[in-house]
Structure formats: structure tokens, C-alpha cells
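# Fold and contact review
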Amino acid sequence: MKTDELREKYLDFYVSKGCVRQPSDVLVPAWDPSVLFTPAGMNQFKDHFLGKVKLDYTRATTCQKCLRTGDIDNVGRTAFHHTFFEMLGNFSFGDYFKEEAIYWAWEFLTDKKWLGIPGERLTVTVYKDDDEAFGIWNNKIGLPSARIKRMDEDENFWPASAPSEGPDGVCGPCSEIYYQLEDGSDVEIWNLVFTQFNRIGTPPDNLHPLPSKNIDTGMGLERTASVLQGVPTNFHIDSLLPIVHAAADVVGVKYEYESDNGRRLRRITDHARASVFAIHENVYPGPKDARSVIRRLIRRAVLDGYQMNLREPFLFKMVEAVADASKAAYPELGQTAQRVGEAIEAEEKAFFSTIDGGMKRIHRLFEEMQDESSVMVPGADAADLLTTYGVPPELVQTLAAEQNFTFDWDGFKDAMDKHADESDGGQRVLFQTGPLETLKESLRETPFIGYDAIEASATVKGIITGDGQDKGDEGQLLSHLDRPGDAVLRLVLDHSPFYGESGGQVGDTGVIENEQFRFEVTDTQRHASLIVHHGRLVKGKISVGESCTAKVDVENRTALARAHSATHILHHALHTHVGRHAEQQGSKVEADRLRFDFTNPKAIDDDTLVEIEKDVLKLVEASEEIRWDTVSLADAREAGAMMLFGEKYPDPCRMVSMGTFSRELCGGTHLTNTADVGSFEVVVEESVSTGTRRIEALTGDRAKQHREQTKNLLSTVAEKLGCDPSVAASATDALIEEVRRLKKELAAGKAAEYPAAFQLDMSKATKIDVQNYNAVRTAVRGLTRRLHVAIDDVLGRLDALLADRGSLVEQLKEVSAGGSVSVDELIAGGATIGDTLLVVAEVPGANPNMMRSWIDQIRKKSTGPSAVLFGAAQGDKVVLVGGLSRELVDRGLKAGEWVGATARVVGGGGGGRPDMAQAGGKDPAKLPEAIKQAQSTMADQLAT
């Protein structure tokens, strides 16, 4: 049976049992902070199991895309482990329970209408105390007791070991179904979880029956397909073997199942598939959270290629193979193959540039271990190799074994536990707890009525202390509060016109009040289906159950709507001028300010930015109608509505349309006409990460104010730099370059003369037309990029540069004054003590680089050993540099001690290597005394 056929048969079977077929949740469920990736089919139904949402159905079935990395080290090595996999599931929320779950699983597996697996090939396990499940399997299904094994809580309870170890909360026994392979071994293909208890406290008697029992079952699609197809590993099923062969073709080796390269090709297959699905959903490789997991998967696969002698990107070439093998169930992968491939290739290029460094570090580590007669690779070093170079520990272990070294896995795990960015990609906390969860159980949701109203009567349903941001402090539920002040509180109402932050749009502000109290809302957030108002009680006493009026700040809401509607228009303009690949990667919509991240491999040039802005303004001036309709997902797709991959949309959904040029699924607040955007001004276009760019823009009055600021900036810059506004940008570039040159000349001890005030060489200046706003804006953008500051900080940065220039010019004057000293003169002024030349001198105007250079030259010119120390006053400070030749260091003398003792005379300290050291002091008046002491102390040491 083909894998695609198995998937559909399973879903059809459970639909026939009254289950509602639901789509797979996204791989990265942004709504659930407890996980990085969706680890199981039940994840999207957690609130259904807990009764925290209104139930539209009590039975469901899904095929869920999952990603776990807890068993990453087994991928490719064992027959059945993956990071990305599909989990077939059926779920009951207080509906059917054990008997139906067991009967239906047996029917689907053994009935010839469905899978037709011989019953004698199946065995089961149950929890040791679950006599009910044992009885159903034994007495009603007719499975002999010899084929029913009772297991302890670490194997057959969910969560594992929950009765004795926790956590508190919903839990229950499991029953697993195993298939016997031809070699007599068993493979688990299905797990039936009976969530029937609420764990409270420590045993005994800590498992309390739930009033509403649930079913959560999961059958591994790939494992079951391998059983039905009679292949030795999941990687040989019809949907995965073509990817394995594609990997072999790309790498240029023959696929052999038992070989090391065979294991590497299977791992490459798995990691390529996981990366394609994740990046398709806009989870790009990066340094933190889910992105760090994808980066790790790509880099592990690249290292496998590296071990097969590849030195150029190759993984990106497998994107088409993954998309083609998955097209029956996931045709959308083909739509994003190009951008997914570009993202993988960019990550590969970046990693290939560091692999050699990692391998050199490994070889250096092995050399150090041999020198120290160590036999175990330190876990901390292995963790550093992973976090710095991306070298996985199993590769280090393999290479170590070749040198007869062992590997400290415990130390590695401890080190990784301390690394903040590392994640196993699995589930962190199974179910959330706290005051908001308590409210969710009773309220289910807070209906949002803000599309049609900005003011509404409501009832206070919850008062919670704090903002919930302090780790370990989720706040407390209060029945009332009568202490106005600055303390942050959270209010939950029975319904609300306030928009809770989501989809990139920040939350509304405003007031919640009645005759008894006034609560100023400074932010509005969402907690799953609850709208949570953050703010301060500024007057009176507030109590749960009170009626009140919720008033949204209209001016702020309108400014948010301007920026949000402009975001949709900008998205359209990017598709027009950059390409359809410029897909949204993230956004933030604030009052008359927007930030839009999108996929693009390179920067957008200024001319294209101008055209994008013109296009947006043209659509604004066209006064196109903005409307929103509630439609089915199917109708939205047919209408061509833009849907972001990786987003999970409700069905029916809210479709926002602007004229005929834009249709997007969006839950945010919008204008009713594009003309109300007023004005639009791109502020900056910059890189966010590899393959991702960002545009920040302004709307309304903020855009107009920014335009005026841009027009006036060059004139102000020109005044500071003493030039015409038409060359102000060139003058700024010249100032930056001059400061760099001054620093280099000073560091090199080069004598040079510069005028006291900055002067622009007009022969090298580029003029712009200051009457052309686009030219002015391009110049200002370039200016901010060169200065590495925002437009508001340009003038302050210029002042700092001018001050730096003045200081550098003065220091160079001092260098010029002391620049007449020659090495030969310094040697001639020295003394010979025994076989050693001793040179100690004050060198006015010299800097540390000059002193070190003179020391090196003296050591080279001296026919024997040499000891040299120089000192110079620099303003109100003293710099001392000393050096000893190798012969003196071998005799036990140390430049650091010599220079440090000298520095203490001038109120300072310092030191360095035995052959070269530098120190500073705070009392220039005592420099002659310090020089005299340095001469005498070293002379004494040389004479002994």
C-alpha cells in the first residue's frame, strides 16, 4: 500500500466513525509558547481536552506534520527514527473512550477493507494497573493474554512516569500496538492514550478521575507504511526512497544500506525533508529557538556531505526531490521550492566557510589531549564546537574514536543545558497553568467586537496582578482592587472592542471605566482565545462582576489602521517590483509606523525603492475601497487571497480586500479607503538575516514629518561641515575617511600635518540636486548607512566625528614634535651592561605603536641581548612600553614585571608578555622619576 493511500484510508476510516477531519497544524505553532515545533497530533487540541474552548465537535481525526529532535542521534542509524514525520491521529473530547478506541484500531489494522494486517502479527502493551484495557484486548478483541504485556509507568503512561514523577495535570495510561517483523523483532506503530486522570500532588491516591475522559491516539505514517510495504526501514518506503536516491545522485555516491555512506544519505534525506517543510512555513535557519533547530539540521546534513568529500553546497539541490515525493499531500511545497532552495543554499555557503575552522579546532583539541595524556574528549569543548562551528557531537565522537579517545556525553549535555539557544525541538511544558488558564477554563474566550465598535459596555471577569513577564511569577487572581497606582495590572472582560496584539499589529490602548474606577489600558495582548488588557488603575476601586465601559483610543486605532492597510499595499508593491518570492516573514504594525520583513536574497537598490514607494502612493491616491468579508477558506483560495505559508487560518476566515489589487487573510483592523493612509514614506531598507530583508516605513503625519526632516537635514549637515548642501553627503563621506586615515597614521606613528578645521576637497565632491527630493532622500539614506545611525542621530554622530578629528589632529602634532628621534640615536644613548644593550628613554610625542616598532628595530640591530623601555606623556596620562630579547627571557627576566614596577611610579599599572609589555599611568609629572627607576632596576638585574 502506497503511503499516500494509507494516509487517506486512515482519515476516511475515522470520518466514517463520526470524526471531523481537521487539517494539520503548522510546524511552529506561534499560539503555543510551550513548544518550538508541533511534536504530536494532540498539540492543536490541548484546550479541547481541557474544556477551555467551545467544542464545535467532540471527535476529530488528523494527519499532523511533526518535528522532534530528541532522537536526532538515531536518525539514519536506526530503521525508524526521523526528525520530521507525519502522525495519524484520532481524538475524543469527552465522547468515545477505551472500548471504541481499541475496537476501531483493531478494525482498521486487521479488516481486509482497510489494512488487512494478519492479527497474529500484532501484539499490544497496556499500563500495569489498567485492567480495563487488558480486559478489552483479551475478552472482547480476543487477543491471547500472552500477546498482551503489562508495562510500568515509564513505558505505558502519558506523560511518561506521571503518577510518581509528575507533572500535575491531565494524564492517563497508554496501550501500544506492535507489529512483528520477519526477523521476529517488534516495531511500535500505534499508541492509544486514555486521558482519564488529573494528577494532583504526590502518590499515593494522587490520580483523580476526570469527569470527562478523552482519547488521543497516534499512528506513525512512515512506520506503518514500512510495515505494509515490507521494507527494512522507513527510508525505503515509496515516499522516502526517491529522496534517498536523489541524495545519492547529488552527493555522487552509490546508496548501500549497510554502509557508513548509506547511513549518511538517510540522515541527509531526513534533514533535507525537515528543512524543506520548515522553511516552506517561513521558519528560516537562524541563531535562536525554532530557527536554530533548522540551522542545526542543515549543518548536520552538510557535515555528512563534507565527510563524503563535498566542499560546495549540495543540499539545496534536493528541494525538488522532497517537493515531488510529497506533492500528493502537500502540493504547496512546489510553490515555494525556489525560495526554500535559496535559503538552504545560503546557509550551506555560510557553514562551508566555517567547517574548516571547526575541523582545525578538533585536530588542535586532539593534539592537546595527546600532550596531556587525556583519553576523554571534554563535553564542554564538544559543546563549543557545536555552538560555534555547528559540528555535531557524534562527528566529534567518531573522529575521537579513530584516535582511541572516548567522549564525555554527560559533560556535553550539561554544557548544552547551560547554552541558552539550544533546544531539543520537543515539548517543554505540556499544559500551561496560572491565573489566565483558570480564567480560560471558565470563560473559554473573549469575543472581539472591535471591528464594528470602538466603545462598548462590558463586565469585568478577571483582575490579575503584574504583566506576566517576570519568570516564575504569573500573577494572582483578585476579586477586587482598591489601590490606584503605578503597578501594572491585567483585566479580562466578557467581550472587548480592544484589539489584542496578533498578526504583527500591536494592541490597542484606551480606557476601561465606570463611576467607581478608571483603568488606563496601555497595551492589549492575547492569551490564546482571551483578550487581556494591560494597564494601571488610576482611580477608585475595581471589582470582578462590575459593569463598565471599554473605550478604545480612536486616534491610536486609526494610526494603527493606516499603518496596517499600508502594509498590505506595500506587500503588493513588493510583488510587483521585486517578485512573487518577496513573501512576508514577519511584520510589526504600530501607530503610523510599520516594519515589514520579506524574503529576498539581496538589498533593494534606491531606484527600486523609489518605484515601490511611488506605487504605494499611487494606490493610496486612487482611493480604492477597503472591505472585509467572512468567507470559507475554499472561497478565499478561489478568489486568489494571499495566504502565508506557516500560518493556520480559521475556516471560515476574514478576507481583507483593497480594490481589485490585494486580497489577504487578515484579522487586523483596517481603514475603509486607501486614501486614508494619507502619506507613505520608506525610512530604511536593510538586512535582517541571510535571505531576509526589512523595510520600515511611516504613514500619515509621521510620514510627512519625516519628509520635512529629510529635506532639511542636508542643510544642517552642510552648516556643520562648512560646505554647500549639494555636497553635504560627499563631505560626510570625506570626514569619515579622514578620521579613519588619521587613526591609521597615528597608530603607525606617522608624522603628518592637518588643518585645525575640516576642509572638503571640492575636486573630489559629488553634487546632488537638492531640489529633487528623491535625490536628497537617497543621499540621506546613504549618509545614515555610512554613519550607522538613524536619521535622528545623524547630527550627534557628526559632532562626535568632528571631535574625534580634532583630537587626532592634536595627537599627530605631538607625534610630529617627537618624530625626530631615530633608532640609531636611541641605541647611541643606551648603555652596555655585560653583554646586554640597555636603552631607557622618554620619547615625547610617541605612541605605543611607535615605541613597539623602535623596540623591534633595536632588538634586530643589537649584536647581543637588549632591554628597552620607553615612556611618553599623552595629555594627562602616561604610556610605557618595554621589551626584552629572547635571551633575557630565557634567563628568567620578564618585561611585564619591569614595566609594571615602572608604571607604579606614575600612579598606574599594567603588564604583558615576558618579551613585550605595556602599561599606563596618571601622573605625567613623575615620568622622569619613573624613567630613572626603570634604568636602575634593570641595570641591577643585568649586573647580577
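Conventions used here
Residues numbered from 1 in each chain as written. Predicted model: local features only at pLDDT ≥ 70, side-chain atom pairs only at ≥ 80, totals over all residues. Heavy atoms only, no water. Pairing = 2+ DSSP bridges. Helix = DSSP H or I, 4+ residues; strand = E, 2+ residues; numbered from the N terminus. Axes fitted to C-alpha atoms, helices over the stretch in contact; angles between N-to-C directions. Contact = heavy atoms within 4.5 Å. Expected span 1.5 Å × (residues − 1). Buried < 20%, exposed > 50% of the residue type's maximum accessible area, 1.4 Å probe, protein only. Polar contact = N/O pair within 3.5 Å; in protein donor to acceptor, adjacent residues only side chain to side chain. Parallel < 35°, antiparallel > 145°, perpendicular 65-115°, else oblique. Nonpolar A, V, L, I, M, F, W, Y, C, P; charged D, E, K, R; others polar. Disulfide = S-S within 2.5 Å. Phe/Tyr/Trp six-rings, centres within 6.5 Å; stacked < 30°, edge-to-face > 60°. Lys NZ or Arg CZ within 6 Å of the ring centre and 35° of its normal. Left-handed = near helix turned anticlockwise from the far one by under 90°.

Sheet strands line up and pair through hydrogen bonds in the backbone, either parallel or antiparallel. One open sheet accounts for 3 strands, arranged S23-S24-S25; its pairing is antiparallel. With one partner strand each, in any of the chains shown, strand S23 (626-631) and strand S25 (662-665) form the two edges of the open sheet. Across this sheet, the average inter-strand angle for adjacent strands is 25°, counted without regard to direction. As paired strands, strand S24 (residues 653-658) and S25 are joined by 4 bridges and run antiparallel to one another. Within the sheet, the bridge partner assigned to Ser657 lies in S25 and is Arg663. Most of the contacts of helix H17 (residues 554-577) go to S24, to which it runs at about 70°, and overall it touches S23, S24 and S25.

On to the pairing of strand S33 (residues 916-921). Sheet topology places strand S31 (residues 877-884) next to S33; 6 bridges connect them, and they run antiparallel. Looking across to S33, one finds that Val881 is bridged to Gln918. Bridge analysis of strand S32 (residues 909-912) against S33 gives 4 bridges, and the strand direction is antiparallel. Residue pairing across strands places Gly911 opposite Gln918, the latter belonging to S33.

Attention shifts here to helix H22 (residues 773-787). Helix length check: H22, at 15 residues, gives a terminal C-alpha distance of 21 Å against a target of 21 Å (1.5 Å per residue), a fit within 8%. Within H22, burial applies to Tyr773, Val776, Arg777, Ala779, Val780, Arg781, Leu783, Thr784 and Leu787. Between a side-chain oxygen at the N-terminus of H22 and the backbone nitrogen of Asn774 the separation is 3.0 Å; the capping residue is Asn772. Backbone geometry just downstream of H22 places His788 in the positive-phi region, at approximately 60°.

Another aspect to go through is the packing of helix H8 (residues 241-251) against helix H9 (residues 260-280). Where H8 meets H9, the axes come as close as 9 Å, and the angle between the chain directions of the two elements is 110°. Relative to H9, the element H8 lies roughly perpendicular. Across the interface between the two elements, Ile243, Val244, Ala247, Ala248 and Val251 of H8 pack against Leu265, Ile268, Thr269 and Arg273 of H9. In terms of residue class, the contact of H8 with H9 is built from 7 nonpolar, 1 polar and 1 charged.

For the rest of this paragraph, the subject is the pairing of strand S26 (residues 680-689). As paired elements, S26 and strand S27 (residues 692-699) share 8 bridges and run antiparallel to each other. Bridge pairing in S27 links Val682 to Ala697. The antiparallel pairing of S26 with S27 creates a hairpin that spans 2 residues between the two strands, and Gly691 there sits at a positive phi of about 80°.

Under the defined criterion, the tally for this structure stands at 0 disulfides. The cysteine Cys171 is free of any disulfide, with Cys174 supplying the nearest cysteine sulfur at 10.0 Å. Note on Cys171: relative accessible area 0%, which makes it buried.

Moving on, we get to helix H27 (residues 895-905). Across the 11 residues that make up H27, a large majority, 8, are buried. Within H27, the full set of buried residues consists of Ala895, Gly896, Trp898, Val899, Gly900, Thr902, Ala903 and Val905. Two residues or fewer after H27 comes Gly907, characterised by a positive phi angle close to 75°.

It is worth spelling out the packing of aromatic side chains at this point. Two measures describe an aromatic ring pair: the distance that separates the ring centres and the angle between the ring planes. Applying the stated criterion across every chain, the model contains 26 aromatic pairs. Pairing Trp409 with Phe412 gives two aromatic rings, centres 5.8 Å apart and planes at 90°, and the pair type is edge-to-face. Of this pair, Trp409 and Phe412 both sit in helix H15 (residues 409-417), 3 residues apart, which is roughly one turn of that helix. Accessibility expressed as a relative area gives 23% for Trp409, which makes it partly exposed. Between Phe448 and Tyr451, the ring centres sit 4.9 Å apart and the planes meet at 85°, which makes this aromatic pair edge-to-face. Judged by relative accessible area, Tyr451 falls into the partly exposed class, the value being 29%. Clustering of aromatic rings is evident, with ring pairs tying together Tyr10, Phe13, Tyr14, Tyr96, Trp104, Phe108, Trp114 and Trp190. The aromatic ring of Phe134 is capped on one face by Arg150, whose charged end is 4.5 Å from the ring centroid. Taking NZ or CZ as reference, Arg707 lies 4.0 Å from the ring centre of Tyr773, over its face.

It is at 10 Å that the axes of helix H12 (residues 337-371) and helix H13 (residues 379-389) come closest, and there the two elements cross at 165°. One finds that H12 runs roughly antiparallel with respect to H13. Of the two elements, H12 crosses H13, and the hand of that crossing is right-handed. Taking contact as the criterion, the partners of Phe351, Thr354, Gly357, Gly358, Arg361, Ile362 and Leu365 in H12 are, on H13, Asp381, Leu385 and Tyr389. The class makeup of the residues in the contact of H12 with H13 is 5 nonpolar, 3 polar and 2 charged.

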